[in-house]
Amino acid sequence: MTTTFITGANKSLGYETARRLIEAGHTVLLGARDNERGRAAADALGARFVQIDVTDDASVTAAAADVAAREGGVDVLINNAGVLGPHVPADELTGADATAVFDVNVVGIVRVTHAFLPLLRKSSHPVIVNVSSGMGSFELTHDAQRAEGRNLAPLYTASKAAVTMLTTQYAKSWPDVKVNAADPGYTATDFNGHSGPQTVTEGTDAIVALATIGADGPTGVFRDRHGAVAW
């Protein structure tokens, strides 16, 4: 039985990823910051709730200790928790805004991965999936024909570019762990007022695919539901 831990899994992409992986036979540990919402989501899906705030070292350490005590280890870690940041013009963005966005989207991944790596290494086939975005692709954000090239979100895009680079560096650093980045694509979620053309199921295709790769699967790749995403 594959044990999978997902951050930010009480709604949207994280919730749908949890649902699909449970359907595929995974034991899912549903990580969320809010106790009430997290427990409700886990109960609805048949997952186990683990409270985790990816911006808090103590919370992340406690979550890893909880999993170590209950499950003993994990096979798959999905770093899904993320924030968009303030909806303001670029000239109104502050250092505090940047710190808040990067603390969740980038530093949060470092915190969680650091805490859960010893648990992953107890698996014979450890896998990490970092949920990035085509909004962090230099090529796609320079293509005016694509949504990534038309929408401005300086802090979010910069943080997701950092997530993708962090993924490739982790993959090179740990030959024993498969570390990949998923681009959900423009999906109807709370992030965009449900304006995206993709369903939440379509938006989780790449995440689920990378979470279920075999021992001969790739590492250090950046993919969406259609295939490789340009850097």
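Further up the page is the structure itself.
Read on for an overview of the structure. Only a predicted model underlies this, so the values are computations on that prediction, with no experimental measurement involved.

### Side note on the sheet that holds strand β6 (residues 178-182)
- Pairing is mixed across the open sheet formed by eight strands, whose spatial order is β3-β2-β1-β4-β5-β6-β7-β8. Looking at which strands have only one partner, the edges of the open sheet turn out to be β3 (48-51) and β8 (227-228).
- Judged from the two bridges that link them, β6 and strand β7 (residues 222-224) form a sheet pairing that is parallel. The residue bridging A181 from the neighbouring strand is F222, located in β7.
- In the packing of helix α1 (residues 12-23) onto the sheet, the strands contacted are β1 (3-6), β2 (27-32) and β4 (76-79), and the crossing angle to β1 comes to about 175 degrees.

### Comments concerning the packing of aromatic side chains
- Taken as a whole, this structure holds three aromatic pairs when the rule is applied.
- Where Y170 meets W174, the ring centres are 4.3 Å apart and the plane angle is 20 degrees; that geometry is what we call stacked. There is no split in this pair, since Y170 and W174 are both buried.

### Describing the packing of α1 against helix α2 (residues 35-45)
- One can describe the packing of α1 onto α2 by two numbers: an axis separation of 10 Å at closest approach and a directional angle of 30 degrees. Put simply, α1 runs roughly parallel to α2. Crossing angle aside, the handedness with which α1 passes α2 is right-handed. Here α1 contributes Y15, A18, R19 and I22 to the contact with α2, which in turn contributes A41, A44 and L45.
- Looking at side-chain class alone, the contact of α1 with α2 contains six nonpolar, no polar and one charged residues.

### Some thoughts on the pairing of strand β5 (residues 127-131)
- Among the five residues that make up β5, five are buried, leaving the element largely enclosed by the rest of the structure.
- Residues V127, V129 and V131 of β5 are buried on one face, and the alternating residues I128 and N130, pointing to the opposite face, are buried as well.
- Both β4 and β5 contribute to a ladder of four bridges, which runs parallel. Note that in β5 the partner of N79 across the bridge is N130.
- Remark: the β4/helix α4 (residues 95-120)/β5 crossover connection has right-handed handedness.

### A short note on the pattern of salt bridges
- One pass over the full model with this rule turns up 11 salt bridges.
- A salt bridge links D66 to R48; the shortest N-O distance between them is 2.7 Å. Of the two residues, D66 is situated in helix α3 (residues 57-70) and R48 in strand β3; the sequence distance between them amounts to 18 residues.
- Between R48 and E71 there is a salt bridge, with its nearest N and O atoms 2.8 Å apart. Taken together, the residues R48 in strand β3 and E71 in the loop between α3 and β4 connect sequence positions 23 residues apart.
- By relative accessible area, which is 15% here, R48 ends up buried.
- What you see here is one network of salt bridges that share partners, running through R20, E202, D205 and R225.

### Remarks on the pairing of β3
- By the bridge criterion, four bridges tie β2 to β3 in an arrangement that is parallel. Note that in β3 the partner of L29 across the bridge is R48.
- Note on the crossover from β2 through α2 to β3: the handedness is right-handed.

### Comments concerning the packing of α3 against α4
- The geometry of α3 relative to α4 is characterised by a closest axis approach of 9 Å and an angle of 20 degrees between their N-to-C directions. As the angle between them shows, α3 and α4 are arranged roughly parallel. Crossing angle aside, the handedness with which α3 passes α4 is right-handed. On α4, the residues touching D57, V60, A63, A64, V67 and A68 of α3 are R111, V112, A115, F116 and L119.

### Some words on the nonpolar core
- With 29 residues, the main nonpolar core has F5, V67, V74 and F116 as its most contacted residues.
- Secondary structure elements with two or more residues in this core: α3, α4 and α6 (154-173).
- The element best represented in this core is α4, accounting for nine residues.
- The contact partners of V67, leaving out residues within four places of it in the chain, are F5, L29, R48, V50, G72, G73, V74, F116 and L119.
- Formed by 25 residues, the second largest nonpolar core is a distinct cluster that contains A42, V129, V131 and A182.

The rules behind these values
The numbering scheme is per chain: residues are counted from 1 as the chain's sequence reads. Where local features are concerned, this predicted model is filtered to residues with pLDDT of at least 70; where side-chain atom pairs are given and counted, the filter is 80 or more; whole-chain, interface and lining totals use all residues. Excluded from the side-chain calculations are hydrogens and water; all other atoms, namely the structure's heavy atoms, are used. Any two strands with at least two DSSP-identified bridges between them are counted as paired. Helix and strand definitions here come from DSSP, where helices need a minimum of 4 consecutive H or I residues and strands a minimum of 2 consecutive E residues; each element is numbered from the N-terminal end. Here, residues are in contact when the closest pair of their heavy atoms is within 4.5 Å. Angles shown run from 0 to 180 degrees and are taken between the N-to-C directions of axes, each axis being a line fitted to C-alpha atoms and, for helices, limited to the stretch in contact. Only the six-membered ring of Trp is used, alongside the rings of Phe and Tyr, when aromatic pairs are assigned; centres must lie within 6.5 Å, and planes under 30 degrees apart are stacked while those over 60 apart are edge-to-face, with the rest tilted. Each residue is placed in one exposure class: buried if its accessible area under a 1.4 Å probe, protein chains only, is under 20% of its type's maximum, exposed if it is over 50%, and partly exposed if it falls in between. Every angle not falling under 35 degrees, over 145, or within 65 to 115 is termed oblique; those three ranges are roughly parallel, roughly antiparallel and roughly perpendicular. It is the rotation of the near helix from the far one that decides the hand of a crossing: anticlockwise by less than a right angle makes it left-handed, clockwise makes it right-handed. Lys, Arg, Asp and Glu make up the charged group, whereas Ala, Val, Leu, Ile, Met, Phe, Trp, Tyr, Cys and Pro make up the nonpolar group; the residues left over, Gly among them, are polar. We call a crossover right-handed when, viewed with both strands directed away from the observer, the connection leading from the first strand over the helix to the second proceeds clockwise. Salt bridge, as applied in this entry: a Lys or Arg side-chain nitrogen positioned within 4 Å of an Asp or Glu carboxyl oxygen. Here, the term nonpolar core denotes a set of buried Ala, Val, Leu, Ile, Met, Phe, Trp, Tyr and Cys residues that are joined through side-chain atoms within 4.5 Å.

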